[in-house]
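Architecture and fold: a report
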Amino acid sequence: MAERLPDPDDGRVVLVAVTQHGRAELARRRAVQAKRLAELLAELPEADRAAIAAALPALERLTDLAYGGEA
């Protein structure tokens, strides 16, 4: 799922890159997680889903603060 590549500028350095297979596996896992989250959210009462939706902008701002706007 990952490959090691030589750095063209420095022979002492090894670069690591995700392969196409690795990207596909990550996408598959994210899809499984998203499906499970959607199933769990569907089990919550509407008021709880609305509260989570209302909190999303604040959570996004928190993520921006944590990652310097690179979320």
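In short, a report on the structure.

Calculation rules
Residues numbered from 1 in each chain as written. Predicted model: local features only at pLDDT ≥ 70, side-chain atom pairs only at ≥ 80, totals over all residues. Heavy atoms only, no water. Pairing = 2+ DSSP bridges. Helix = DSSP H or I, 4+ residues; strand = E, 2+ residues; numbered from the N terminus. Salt bridge = Lys/Arg side-chain N within 4 Å of Asp/Glu carboxyl O. Buried < 20%, exposed > 50% of the residue type's maximum accessible area, 1.4 Å probe, protein only. Contact = heavy atoms within 4.5 Å. Polar contact = N/O pair within 3.5 Å; in protein donor to acceptor, adjacent residues only side chain to side chain.

So, on to the pairing of strand β2 (residues 10-18). Here 6 bridges tie strand β1 (residues 2-7) to β2, and the two strands are oriented antiparallel to one another. Following the sheet pairing, A2 is matched in β2 by V18. Between β1 and β2, which pair antiparallel one after the other, the connecting turn spans 2 residues.

Moving on, we get to the pattern of salt bridges. Scanning the model with the defined rule gives 6 salt bridges in all. Salt-bridge contacts for R28 lead to E25; the nearest nitrogen and oxygen are separated by 2.7 Å. Within this pair, R28 and its partner E25 are both found in helix α1 (residues 20-43), separated by 3 residues, close to a single helical turn. Look at R28 and you get partly exposed, because its relative accessible area is 45%.

As for its placement among the helices and strands, D7 is situated in strand β1. For the pair D7 and Q20, spaced 13 residues apart in sequence, the C-alpha to C-alpha distance is 20 Å. Apart from the residues lying within four places of it in its own chain, the contact partners of D7 are V13 and L15. Separated by 2.6 Å, the side chain of D7 and the backbone nitrogen of D9 make a polar contact.

What is shown is where atoms sit, not what they do.
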